[in-house]
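# A structural walkthrough
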Amino acid sequence: MTLKPLTAVLCFTCLPGLVLAGEKTVYGLNEYAALQGIDLEVAAKLDTGAKTASLSARDIKRFKRDGESWVRFYLAIDAAHSHPIERPLARVSKIKRRAGDYDPEEGKNYTARPVIELDICMGSALRSIEVNLTDRSAFQYPLLIGSEALKRFDALVDPSLKYAAGKPACANAAQTAE
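A brief report on the enclosed structure follows. (Residues numbered from 1 in each chain as written. Predicted model: local features only at pLDDT ≥ 70, side-chain atom pairs only at ≥ 80, totals over all residues. Heavy atoms only, no water.)

### Thoughts on the overall build of the protein
Summing up its helical and strand segments, the protein has 2 helices and 11 strands in all. What you see in the protein, going N to C, is helices and strands ordered as α-β-β-β-β-β-β-β-β-β-β-α-β. Nonlocal contacts in the protein, meaning residues at least 24 apart in sequence, comprise 60% of its contacts between residues at least 6 apart. Here the protein has roughly 10,900 Å² of accessible surface; of this, 54% comes from carbon and sulfur atoms. (Helix = DSSP H or I, 4+ residues; strand = E, 2+ residues; numbered from the N terminus. Contact = heavy atoms within 4.5 Å. Areas by Shrake-Rupley, 256 points an atom, 1.4 Å probe, with all protein chains shown as cover.)

Next up, the structure:
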């Protein structure tokens, strides 16, 4: 008899977690992502082990415009764009280097990367996320979406799926609220 009330209490304490999981969107290990304002759709890798998102870029230069820090870059995605892209610099991130990537002459265990705000559409969800710029041309996916961005998408990642959200189909305004 005393076991039944305990079981009921345990069930009711677990229900909020089940309801919360029901509000999440299930994405696959790889998804199509539309880069709003750049008019480009790319294949992205969703990586819960990475904290930040990274976009493949080359010839990255910081400059000042009206006293503000900006960054100019070209996409390092085949021949996707031959013209430069300019965006305000949100911040500079420090990305930990892997053991084999450490340069003793430089003496730093991190790589500094410029970060921009970018509106990304996956499925029907459009979110404004921070993306660091680095040359990912040696990787299969030009866009890596890490855990901080995945939180903004209310994402659950099922690594057994690919392209679960389908082609991007978003409205024009990105959600910026937390």
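### Some remarks on unusual backbone geometry
Positive phi is not limited to glycine here, since Asp39 has a value of about 55°. Here Asp39 is to be found in the loop between strand 2 (30-35) and strand 3 (40-46). Under the relative-accessibility criterion, Asp39 is labelled exposed at 73%. Backbone geometry at Asp154 places phi at a positive 50°, although glycine is not the residue there. With respect to the helices and strands, the residue Asp154 is situated in the loop between helix 2 (147-152) and strand 11 (155-158). (Buried < 20%, exposed > 50% of the residue type's maximum accessible area, 1.4 Å probe, protein only.)

Function-wise, these values are silent; they only describe arrangement.
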